[in-house]
Amino acid sequence: MRVTVYGDVNCPFSYLASQRVDALLRQGAEVEWRAVEHDPALAMTGTPSDRGPKACRRALAEVRLLATAGERAPEAPPTLVSNSFAATSAYAEAVTDGLEHELRRALFEAIWQRGQHLSSAYDVRDVVSAISYPPHPIESYRCSPDRALPRFGDPTPLGITRALGATTSFAGAPITTAGWLRARRWREDWLAVAAGNRSSLPVVVDEQGGVRSGTQALAFLAELGSTAGLPRAAIAADSALAA
């Protein structure tokens, strides 16, 4: 089983989809998460969530109804809705480093559980560096001043820069051509499969090319999670009986 999921970190429905993707990954499914920016016009300084309180409360209430046992639904919106350009760029770069799933989880948790505002590339860099270069206890180094502190990944200046979270420019764009091309391709593919509908996220594309969006995409991911551990023959038999 292989599926592709498009989502935005500032979308509560995508947050629920991210958790269902994790459940599929734990069961051995092949899932590619592609980060997209659903509304580039959002203010870089943050858009107050109380500007559309009814719509926001309605969306969160729906997510809470859709969440199943073990899934976390946000209790309240962040004070400021993040422009997700920098977060999307950082995620595209994280694929190069093999940290995409860890960063995806961390970005969603920062926004929907801790209420952080992540429009700024600097704030996103902090989330990246917490994964790629976590703090180290220094007690064991105090008595050995010549002992080198541990490094992660590529020890070259560029590698260390990336490990410290600087995978985006100050303006929030991907720092490499590979990351930039990846993010652009994701956006183009998303707009193509979603038929230009930017408002309905997440979007799921199955291995046969079938497209589902919004709550239908969430239901499909939940269904896949319930059958991911079954042999394909058993799944096909169940589908035939249901038909």
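Definitions and cut-offs
Residues numbered from 1 in each chain as written. Predicted model: local features only at pLDDT ≥ 70, side-chain atom pairs only at ≥ 80, totals over all residues. Heavy atoms only, no water. Helix = DSSP H or I, 4+ residues; strand = E, 2+ residues; numbered from the N terminus. Buried < 20%, exposed > 50% of the residue type's maximum accessible area, 1.4 Å probe, protein only. Contact = heavy atoms within 4.5 Å. Expected span 1.5 Å × (residues − 1). Core = buried A, V, L, I, M, F, W, Y, C linked by side-chain atoms within 4.5 Å. Phe/Tyr/Trp six-rings, centres within 6.5 Å; stacked < 30°, edge-to-face > 60°. Lys NZ or Arg CZ within 6 Å of the ring centre and 35° of its normal. Axes fitted to C-alpha atoms, helices over the stretch in contact; angles between N-to-C directions. Left-handed = near helix turned anticlockwise from the far one by under 90°. Nonpolar A, V, L, I, M, F, W, Y, C, P; charged D, E, K, R; others polar. Pairing = 2+ DSSP bridges. Right-handed = clockwise from strand over helix to strand, strands pointing away.

Participant: Account for the overall build of the protein, with residues named and values stated.
Facilitator: The secondary structure content of the protein amounts to ten helices and six strands. In the protein, buried positions account for 42% of the 243 residues. Counting contacts in the protein only where the partners sit at least 6 residues apart, residues at least 24 apart contribute 74% of the total.

Participant: Before we move on, can you summarise helix 1 (residues 12-26) with the specific residues and values?
Facilitator: Over its 15 residues, helix 1 runs 22 Å from end to end, which matches the ideal 21 Å to within 8%, given 1.5 Å per residue. Of all 15 residues that make up helix 1, twelve are buried, and the element is covered over most of its length. For helix 1, every residue scored as buried is listed here: Pro-12, Phe-13, Ser-14, Tyr-15, Leu-16, Ala-17, Ser-18, Gln-19, Arg-20, Val-21, Asp-22 and Leu-24. At the C-terminal side of helix 1, Gly-28 shows a positive phi close to 90 degrees.

Participant: Report on the nonpolar core, specifying residues and quantitative values.
Facilitator: As a rule of thumb, soluble globular proteins bury nonpolar side chains together. Judged by nonpolar contacts, the single largest core of 51 residues is most densely connected at Val-5 and Trp-33. Counting residues per element, this core draws most heavily on helix 4 (residues 100-112), which supplies seven residues. Other than its neighbours up to four places away in sequence, Val-5 contacts Val-21, Val-31, Glu-32, Trp-33, Arg-34, Pro-202, Val-203, Val-204 and Leu-221.

Participant: Any details on the packing of aromatic side chains? Residues and values, ideally.
Facilitator: Tallied over the full model, the rule gives four aromatic pairs. With centroids separated by 5.8 Å and ring planes inclined at 25 degrees, the aromatic side chains of Tyr-15 and Phe-108 adopt a geometry described as stacked. A residue pair is termed long-range when its members are at least 10 positions apart, and Tyr-15 in helix 1 and Phe-108 in helix 4 qualify at 93 residues. For the pair formed by Tyr-15 and Phe-108, the shared burial category is buried. Both rings, one in Trp-33 and one in Phe-108, keep their centres 5.7 Å apart while their planes meet at 90 degrees; by these two values the pair is edge-to-face. With Trp-33 in strand 2 (residues 30-35) and Phe-108 in helix 4, this pair connects stretches of sequence that are 75 residues apart. Classification of Trp-33 by relative accessible area gives buried; the value is 3%. Site record: aromatic cluster; members linked through ring pairs are Tyr-15, Trp-33 and Phe-108. Just above the ring of Trp-33 sits the side chain of Arg-104; from NZ or CZ to the centre is 5.6 Å.

Participant: Give me the lowdown on the packing of helix 1 against helix 4, citing residues and values where you can.
Facilitator: For the pair helix 1 and helix 4, the least separation of the axes is 10 Å and the interaxial angle reads 145 degrees. Here helix 1 and helix 4 pass one another in a crossing that is left-handed. On helix 4, the residues that touch Pro-12, Ser-14, Tyr-15, Ser-18, Val-21, Asp-22 and Leu-25 of helix 1 are His-101, Arg-104, Arg-105, Phe-108, Glu-109 and Trp-112. When its residues are assigned to classes, the contact of helix 1 with helix 4 shows six nonpolar, three polar and four charged.

Participant: Quick one: what's the story with the environment of Val-81, residue by residue and with numbers?
Facilitator: Tracing the sequence through the fold places Val-81 in strand 4 (residues 80-81). Taking the C-alpha atoms as reference points, Val-81 and Leu-118, separated by 37 residues in sequence, lie 8.4 Å from one another. If sequence neighbours within four positions are ignored, Val-81 has contacts with Asn-10, Leu-42, Gly-46, Thr-47, Ser-49, His-117 and Ser-119.

Participant: Explain the pairing of strand 1 (residues 2-7) to me, using residue names and the numbers behind them.
Facilitator: By the criterion of burial, strand 1 is predominantly enclosed, with five of the six residues buried. In this sheet, strand 2 lies alongside strand 1 in parallel orientation, the contact comprising six bridges. Bridge pairing links Gly-7 to Ala-35 in strand 2. Crossover strand 1 to strand 2 through helix 1 is right-handed.

Participant: I'd love a proper account of the packing of helix 3 (residues 85-97) against helix 5 (residues 121-132), names of residues and values included.
Facilitator: Relative to each other, helix 3 and helix 5 sit at 35 degrees, their axes nearing to 9 Å. Crossing of helix 3 over helix 5 shows right-handed handedness. The residues of helix 5 that touch helix 3, namely those facing Ala-86, Ala-87 and Ala-90, are Ala-121, Val-124 and Val-128. Among the residues making up the contact of helix 3 with helix 5, the classes are represented as six nonpolar, no polar and no charged.

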